[in-house]
Amino acid sequence: MTLGSSSGAVADAAPLSAQESDPRVMGWMEGFPPPKDRIITQPDSVYFSFPKLRWSVCHLREFLPTEEISRGLGAPVPLAYPPPYEFADLRDAIDALTFTPLGADTQMSWEQSLYANYTDGILILHKGRVIYERYFGCLEPDGKHAAMSMTKSLTGLLAEILVVEGKLNEAALVSDIVPEVRDSAFGSATVRQVMDMTTGLRYSEDYADPEADIWTYSAAASPLPKPAGYSGPDGYWEYLQQVKPEGKHGDAFHYRTVNSDMLGWIISRVSGRSVTDLASERLWRPMGAEQDAYMTVDGKGTPYAGGGLSAGLRDLGRLGLLMLNEGVIDGKRLFSAEVVKKIRAGGDPAKFGASYPALVGGRYSSMWWLYPGDEGVIAARGVHGQTIYVDPSAEMVVVRFASFPKAQNPLIDPTTLPAFRAVSEYLRSR
């Protein structure tokens, strides 16, 4: 995550329900001025602690400096919707779907799962049309929401586009492209090992551990003035230059955000463009996005390629359509089909491990999650419940923004995965 000095892992032992913690119910930042106990600020309050995070995920630009991913000046390309009566019938049918959460013995409805997972926005596309769309909490149709680590998948997609186009050599050593990291653990890794997170690095990303490396990384990345006496690295790229080795490159998948920021540096170096500018040129403008997106930056203006994206729900639906249709949206090809095919064919289940119990047997490729099973599901994931879920077997894309009290997605997977499969089965049967 690394959005500042706050921990998404901080949460009450028995958190408020989704309805109770709705920012409108809580009254965060309402009034002129708001009451003192309803003000959320940076750095004076832990703005990513629950329940404050349920407001903060829609307001990152009020806490941190950002850089724009421009959609340009052209008209947006509208998404297709069924007629209103059909749209209403589909919503009723999907809301009523039931499933049994993993490890449970009682059923839950789709609508109940939205509240159980603290959903802020949910979008379902089927055969290119939006068939379901709802907003909760801090999010409105014209709003933007933190994508968290779904940002990684955007960075990985841009990298894979450059690989397929011959502009980035996936077999090259990182140090051959970014010599500044020659003496760090990244120096001896290949670009592909960074893309698939099979690097051997000494780095802990346990949000519940206040001594974990993720918090040292957060301190380095913070755009706020460093405290008196601070002697650590300043910015993402200075931190990457001092990462130490642990284990052997290529041996196993280890989910570590620093890989994504290293990849951001790599693609910026070979393209001569920032991650934000490259995302605008290759995706947001040509796909007909309806809103600009933005990324948080460190104190030196470097975009946070591992988790800084905020965007509109429907625009991430467009990104999901590009993955489903292998580079095509609205009849227009944005990149070679080989890009998505390489991502789908990548990763190694033998290296994936068991850190994600509901995904054992899956793979990780170019910063995208490849789920186990025959459906060919590919996903972008971010802490607190962010998801782009692409199921080609059902010609379905699901995008969810959420603000689940705790950061760890394995806590949400037992409800999320069977819920998404229930919708997939329903759509395949229609």
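Keep in mind that this is a model prediction, so the values were computed, not measured.

**Student:** What's the story with the overall build of the protein chain in this structure? I'm lost.
**Tutor:** When helices and strands are counted, the protein chain shows 15 helices and 15 strands. Sorting the 430 residues of the protein chain into buried and exposed places 59% on the buried side. Of the contacts made within the protein chain by residues no fewer than 6 positions apart, 67% connect residues no fewer than 24 positions apart. Working note: accessible area of the protein chain is about 16400 Å², and carbon and sulfur atoms make up 51% of it. Counting 41 positive and 52 negative side-chain charges, the protein chain places the centres of these two groups 3 Å from one another.

**Student:** Honestly, the packing of helix 5 (residues 150-164) against helix 13 (residues 337-345) in this entry has me stumped. Any pointers?
**Tutor:** Any two packed helices are characterised by the angle at which their axes cross and by the distance between the axes. Between helix 5 and helix 13, the shortest axis-to-axis distance is 9 Å and the interhelical angle comes to 115°. You can see that helix 5 and helix 13 cross each other, and the crossing is right-handed. Where helix 5 approaches helix 13, its residues Leu 157, Glu 160, Ile 161, Val 163 and Val 164 are matched on the opposing element by Glu 338, Val 339, Lys 342 and Ile 343.

**Student:** Whenever I open this one, the packing of helix 5 against helix 11 (residues 275-284) confuses me. Can you help?
**Tutor:** Where helix 5 contacts helix 11, the axes come no closer than 11 Å and their chain directions differ by 70°. On the basis of the axis angle, helix 5 is roughly perpendicular to helix 11. Contacts from Leu 154, Thr 155, Leu 157, Leu 158, Ile 161 and Leu 162 in helix 5 reach Val 275, Leu 278, Ala 279, Arg 282, Leu 283 and Trp 284 in helix 11. A breakdown of the residues in the contact of helix 5 with helix 11 according to their chemical character gives 10 nonpolar, 1 polar and 1 charged.

**Student:** Looking at this model, I keep getting lost on the side chain of Glu 133. Mind explaining?
**Tutor:** The residue Glu 133 is located in strand 5 (residues 129-135) in this model. Once you skip the residues sitting within four places of it in the chain, Glu 133 turns out to touch Tyr 81, Phe 87, Ile 122, Leu 123 and Arg 314.

**Student:** Could you clarify how one ought to interpret the sheet that holds strand 7 (residues 293-296) in this entry?
**Tutor:** Strands in a sheet are paired, the pairing made by backbone hydrogen bonds, and the direction either parallel or antiparallel. Taking strand neighbours across the sheet as the criterion, the 4 strands line up as 1-7-8-6 in an open arrangement whose pairing is antiparallel. Each edge of the open sheet carries a strand with a single partner, namely strand 1 (66-69) and strand 6 (145-146). Where strand 6 and strand 8 (residues 309-311) come together, 2 bridges link them in antiparallel fashion. Paired with His 145 across the bridge in strand 8 is Ala 311. Against the sheet, helix 11 engages strand 1, strand 7 and strand 8, with an angle of about 20° to strand 1.

**Student:** For this particular structure, what's the right way to read the layout of surface pockets?
**Tutor:** Empty space among the atoms can be located by rolling a probe the size of a water molecule over them. Each pocket or cavity is described by its volume, and for the largest pocket that value is around 520 Å³. Glu 205, Tyr 255, Ser 355, Tyr 356 and Pro 410 are the residues nearest the centre of the largest pocket, which is lined by 22 residues in total. Secondary-structure elements contributing two or more residues to the lining of the largest pocket are helix 14 (349-352) and strand 13 (378-382). Per-class residue counts for the lining of the largest pocket are 10 nonpolar, 7 polar and 5 charged.

**Student:** Sorry if this is basic, but what is going on with the packing of aromatic side chains here?
**Tutor:** Here the structure, examined in full by the defined rule, presents 26 aromatic pairs. Arranged with centres 5.6 Å apart and planes meeting at 65°, the rings of Tyr 217 and Tyr 236 form a pair that is edge-to-face. Of this pair, Tyr 217 sits in helix 8 (residues 213-221) while Tyr 236 sits in helix 9 (residues 236-240), placing them 19 residues apart in sequence. Residue Tyr 236 is classed as buried on the basis of its relative accessible area, which comes to 2%. Judged by centre distance (5.8 Å) and plane angle (85°), the rings of Phe 253 and Trp 369 are edge-to-face. Here Phe 253, found in the loop between helix 9 and helix 10 (257-271), pairs with Trp 369, found in strand 12 (residues 368-370); they are 116 residues apart in sequence, far enough to count as distant. Pair check on accessibility: Phe 253 and Trp 369 agree, each one buried. Sitting above the plane of the Tyr 294 ring, Arg 61 keeps its charged end 4.5 Å from the centroid. Lying across the ring of Tyr 230, Lys 226 places its NZ or CZ 5.8 Å from the centre.

**Student:** I tried to follow the sheet that holds strand 4 (residues 119-126) on my own but got confused; where do I start?
**Tutor:** Taking strand neighbours across the sheet as the criterion, the 7 strands line up as 5-4-15-14-13-12-11 in an open arrangement whose pairing is antiparallel. Each edge of the sheet is formed by a strand with only one pairing partner; in this case those strands are strand 5 and strand 11 (363-365). Each adjacent strand pair in this sheet contributes to an overall mean axis angle of 20°, direction not counted. With 5 bridges connecting them, strand 13 and strand 14 (residues 386-391) associate as antiparallel partners. Note on strand 14: the bridge partner recorded for Ala 380 is Ile 388. Along the sheet face, helix 12 (residues 313-324) touches strand 4, strand 5, strand 12, strand 13, strand 14 and strand 15 (396-402) and points at about 145° away from the line of strand 15. Against the sheet, helix 13 touches strand 11, strand 12, strand 13 and strand 14, its axis set at about 145° to strand 11.

**Student:** Please explain the environment of Leu 370 as it appears in this structure.
**Tutor:** Structurally, Leu 370 can be placed in strand 12. Residues Leu 370 and Pro 349 lie 21 residues apart in sequence; the distance between their C-alpha atoms is 9.4 Å. If sequence neighbours within four positions are ignored, Leu 370 has contacts with Ile 343, Arg 344, Gly 346, Gly 362, Arg 363, Tyr 364, Ser 365 and Val 377.

The rules behind these values
Residues numbered from 1 in each chain as written. Predicted model: local features only at pLDDT ≥ 70, side-chain atom pairs only at ≥ 80, totals over all residues. Heavy atoms only, no water. Helix = DSSP H or I, 4+ residues; strand = E, 2+ residues; numbered from the N terminus. Buried < 20%, exposed > 50% of the residue type's maximum accessible area, 1.4 Å probe, protein only. Contact = heavy atoms within 4.5 Å. Areas by Shrake-Rupley, 256 points an atom, 1.4 Å probe, with all protein chains shown as cover. Lys, Arg positive; Asp, Glu negative; His and termini not counted. Charge placed at Lys NZ, Arg CZ, Asp CG, Glu CD. Axes fitted to C-alpha atoms, helices over the stretch in contact; angles between N-to-C directions. Left-handed = near helix turned anticlockwise from the far one by under 90°. Parallel < 35°, antiparallel > 145°, perpendicular 65-115°, else oblique. Nonpolar A, V, L, I, M, F, W, Y, C, P; charged D, E, K, R; others polar. Pairing = 2+ DSSP bridges. 1 Å grid on protein atoms, 1.4 Å probe; cavity = no way out; pocket = protein on both sides within 12 Å on 5 of 7 lines; lining within 4 Å. Points joined across faces, edges and corners; volume = space filled by probe spheres on them. Phe/Tyr/Trp six-rings, centres within 6.5 Å; stacked < 30°, edge-to-face > 60°. Lys NZ or Arg CZ within 6 Å of the ring centre and 35° of its normal.

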